[in-house]
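An overview of the molecular structure
The primary structure of each chain is shown beneath.
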Amino acid sequence: MRASPITMALLYFSIGVLLIFFAIQNVSTSGWNFWSYLIISFAAIDFMIAYRFYRLRRVIKQLQNQKKKKKD
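Described below are features of the structure shown in this document. Note that the structure is a prediction, hence the values are computed from the model and not measured.

**A look at the environment of Asp46**
For Asp46, the position within the fold is in helix α2 (residues 34–71). When the C-alpha atoms of Asp46 and Ile15 are compared, they prove to be 7.0 Å apart, with 31 residues separating the residues in sequence. Excluding residues that lie within four positions of it along the chain, Asp46 makes contacts with Tyr12, Ile15, Gly16 and Leu19.

The structure is reproduced here in structure tokens:
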């Protein structure tokens, strides 16, 4: 069974939030170093993927509405 795009978007968004939390913990203990920047970059990538899944859901919804209108 395939996961819906909105489920995947929420999953990636929550992983991004978790990575931000880890980055904040890392910065508070050791300051801004290579690992802090790496964690933040992975979080940014996760947020970007989550946004793309959200946009994909909107496109699928629009296509379904267009197909529905053509049948009517």
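**A look at the packing of helix α1 (residues 5–30) against α2**
Between two packed helices, both the angle of their axes relative to each other and the distance between the axes serve to describe the pair. It is the contact of α1 with α2, at a shortest axis distance of 8 Å, that shows an interaxial angle of 165°. By the angle between their directions, the pair α1 and α2 is classed as roughly antiparallel. Here the hand of the crossing between α1 and α2 comes out left-handed. Within the contact of α1 with α2, the residues separate by chemical class into 24 nonpolar, three polar and two charged.

**Examining the side chain of Asn26**
Position of Asn26 relative to the elements: it lies in helix α1. Those residues in contact with Asn26, other than ones at most four positions away along the chain, are Gly31, Asn33, Trp35, Ser36 and Ile39.

**Quick notes on α2**
If you check α2, its first and last C-alpha atoms are 56 Å apart, about what 38 residues at 1.5 Å a residue would give, namely 56 Å. Listed as buried for α2 are Ser36, Ile39, Ala43, Asp46 and Ala50. Check the buried side of α2 and you find it contacts α1. If you check the start of α2, you find a side-chain oxygen 3.3 Å away from the backbone N of Trp35, and it comes from Asn33.

Calculation criteria
Along each chain, the written sequence defines residue order, and numbers are assigned to residues from 1. pLDDT decides what is reported in this predicted model: residues at 70 or higher carry local features, side-chain atom pairs at 80 or more are listed and counted, and totals for whole chains, interfaces and linings draw on all residues regardless. Based on all heavy atoms of the structure, the side-chain values leave hydrogens and waters out of the count. Strands are runs of DSSP state E lasting at least 2 residues, helices are runs of H or I lasting at least 4, and numbering of each runs from the N terminus. Only heavy atoms matter for contacts: two residues are in contact if any of them lie within 4.5 Å across the pair. Between the N-to-C directions of two axes lies an angle of 0 to 180 degrees, each axis being a line fitted to C-alpha atoms and, for a helix, fitted only over the stretch in contact. These descriptions rest on fixed angle ranges, namely under 35 degrees for roughly parallel, over 145 for roughly antiparallel, 65 to 115 for roughly perpendicular, and the rest for oblique. Note: crossing handedness is left-handed where the near helix turns anticlockwise from the far helix by less than a right angle, and right-handed where it turns clockwise. Polar here means any residue outside two lists: the nonpolar Ala, Val, Leu, Ile, Met, Phe, Trp, Tyr, Cys and Pro, and the charged Asp, Glu, Lys and Arg; Gly therefore counts as polar. A helix is expected to span 1.5 Å for every residue after the first. Partly exposed residues are those whose accessible area sits between 20% and 50% of the maximum for their type, while under 20% is buried and over 50% is exposed, using a 1.4 Å probe and protein chains only. We call two N or O atoms a polar contact when they sit within 3.5 Å, provided that within protein one can donate a hydrogen and the other can accept it, with sequence-adjacent residues counted only if both atoms are side-chain atoms.

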